[in-house]
Amino acid sequence: MSSGVGTIKINDVSKIYPNGTVGLDHINLDIQSGEFVVIVGLSGAGKSTLLRAINRLHDVSAGEILLDGVDITKAKGKELRQQRRNIAMIFQNFNLVKRATVARNVLAGRVGYYSTFRSTFGLFSKEDKEKAAANLERVNMLDKYYTRADELSGGQQQRVAIARSMMQSPNVVLADEPIASLDPKTTKMVMDDLQHLNDMGMTVVVNLHSVELAMAYATRIVGLRDGQLVYDKPIAEVSADDFDGIYAETRDKE
Amino acid sequence: MNATLPERQFSEKWHIKGILSGLLFVLIFIGSGYNTGATANFSWDQFWDLLIRMMHPDWTFVSAIITPIAETIQMALVGTLLGTIIAIPFSLLAARNIVKNTYLRGIIRFFLILVRALPDLLLAAVFVAIVGIGPMAGVGALTIFSFGMISKLFYEAIETIDDGPIEALTSVGANGIQKIVFAVIPQVMNQFLSYFLYTLEINVRASTVLGYLGAGGVGLYLDQTLSLFRYDRTAVVILAILVVVIIVDGVSNRLREALA
């Protein structure tokens, strides 16, 4: 199902925070189009930092990140915004505007394609409104079209967030612990939604804490520990014992 | 069972600090009263005379002050609206979560502090000098006054929002204005309206006395009737102001509760 676009090439990326903490330590990672990559590791291992470096919600200190061959770490202004448009992101806390309707939240995913003027006055095209409805239909949330987001359950909000990210027509979908605040049943629905996006040809990169979910959905598992890439294998070669090493306690600092 | 209480110091035992500061305050109050002559020259006779004359309001005067009362409210409405419109961009520029540049934010905030340091009556006096006597001066004074107050209320409201939606909008490739329109404004809209009404309430009250300085509205009649010793008419003006303030307060409170 690979469409050839949606490749991510991370070359020797490091991130050092202003206070000296090492977030990422010389990461090299080559993700092919159509892969479903799950990143595992302890809290604070750098999973979130790595994911946010890919769409440049965080800047990196060194190295380059090529998205279909174009380096996002050096992009500026409109060029950066257009690169971000191709990368959808799903958050642990959903990040919907709670006081706005589902419809407006979903259409907000499309603003990267609109001028400031047209988006400010909500002049979305008929096609995009239909696209919003279709994306909500896909996650079974169309009946909530005019509902305010704060009236939805956590699982429903996450599905609206997925519909919003689909409005971007992305090649890459990043998900930062998308199921950490959800119950087991909605967890499965959300993971199946991500699986569906992957089946449609999008590259999916997910941060997860759950080993079982990683084994169930991933085509490839990457492990981070203390900002270093310590594990990287296709799913066929992964055995459950491998996780002990990834989840081993932190190295001695001195 | 022989635990002994820890020994308290002498100063702690007799509350030396508390007693000394209490004495200091009493001295300051007595001194202030003495220096301002708070007790001198108060004539109870005059006070009763004024009160008794006010007890017989000249109700025929009501028809004469309806227009200036309306003008007062209109001044407050226009001034608050103009002040709010100017305040919106400034409050965005002063909010920590919108403008990351400390220096720009510092300059904007310093400017806002300067504006807020000007009392409304001083502003009215200045505007009367600039645009002349009339309601335009009142509108000008109230615009600047509301601008200073609203920008502070607004930027503090903006700083309390959830940053998640802003991050989400950044990730879809939105530009700065799109982030504000889609992620910031919907989160603060109700608070903005509530603060707008609150400021309007304060401005209606303030605009009743602005006329004293020649800045239009019913305050002018307050000044005139007092200087002509027509206390029966002054009473009508005061009652009219009271009614307006109570109505505006009531309506504003109702609306703000509905917004909360």
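Our subject is the structure that appears above.
Residues numbered from 1 in each chain as written. Chains lettered and ligands numbered in written order. Predicted model: local features only at pLDDT ≥ 70, side-chain atom pairs only at ≥ 80, totals over all residues. Heavy atoms only, no water.

J.: Can you help me understand the packing of helix 10 (residues 219-227) of chain B against helix 11 (residues 231-259) of chain B in this one?
T.: Two quantities define a packed helix pair, namely the angle between the axes and the distance from one axis to the other. Residue and element names in this part refer to chain B. For the pair helix 10 and helix 11, the least separation of the axes is 8 Å and the interaxial angle reads 160°. Considering their axes alone, helix 10 and helix 11 lie roughly antiparallel with respect to each other. Crossing handedness for the pair helix 10 and helix 11: left-handed. Taken together, the residues of helix 11 that come into contact with helix 10 (itself represented by Y221, L222, T225 and L226) are Y231, R233, T234, V237 and I238. Each residue belonging to the contact of helix 10 with helix 11 can be placed in one class, and the counts come to 6 nonpolar, 2 polar and 1 charged. (Axes fitted to C-alpha atoms, helices over the stretch in contact; angles between N-to-C directions. Helix = DSSP H or I, 4+ residues; strand = E, 2+ residues; numbered from the N terminus. Parallel < 35°, antiparallel > 145°, perpendicular 65-115°, else oblique. Left-handed = near helix turned anticlockwise from the far one by under 90°. Contact = heavy atoms within 4.5 Å. Nonpolar A, V, L, I, M, F, W, Y, C, P; charged D, E, K, R; others polar.)

J.: What is the right way to read the nonpolar core from this model?
T.: Nonpolar side chains in soluble globular proteins generally cluster together in the buried interior. Membership of the largest hydrophobic core comes to 73 residues, with the highest contact counts inside it found for V173 and L194 of chain A. Top element by residues in this core is helix 9 (residues 176-210) of chain B. It accounts for 7 residues. Each residue touching V173 of chain A, except ones within four places of it in the same chain, is listed here: A88, I90, M166, L194, L197, M202, T203, V204 and V205 of chain A. Of all hydrophobic cores here, the second largest spans 29 residues; its members include I8, I27, A45 and V172 of chain A. (Core = buried A, V, L, I, M, F, W, Y, C linked by side-chain atoms within 4.5 Å. Buried < 20%, exposed > 50% of the residue type's maximum accessible area, 1.4 Å probe, protein only.)

J.: Would you take a moment to explain the interface of chain B and chain A for this structure?
T.: Often, the extent of an interface is quoted as the loss of accessible area upon association of its parts. The partner chain A presents 27 residues to the 20 residues of chain B that form the contact. Here chain B packs against chain A, burying approximately 2,000 Å² in sum over the two surfaces, 59% of which is carbon and sulfur. Of all residues in chain B, the largest losses of buried area upon contact with chain A belong to S171, V172 and F182 of chain B, amounting jointly to 31% of the total for that side. Between chain B and chain A we count 1 salt bridge in total. Note that R52 of chain A is salt-bridged to E167 of chain B, the shortest N-O span being 2.1 Å. At the surface where chain B touches chain A, the tally comes to 6 residue pairs in polar contact (both at pLDDT 80 or more). Breaking the side of chain B that touches chain A down by element, the ones donating at least two residues are helix 8 (164-171) and helix 9 of chain B. Among the elements that make up the side of chain B that touches chain A, the one with the highest residue count is helix 9 of chain B (8 residues). (Buried area = accessible area lost by both parts, 1.4 Å probe. Salt bridge = Lys/Arg side-chain N within 4 Å of Asp/Glu carboxyl O. Polar contact = N/O pair within 3.5 Å; in protein donor to acceptor, adjacent residues only side chain to side chain.)

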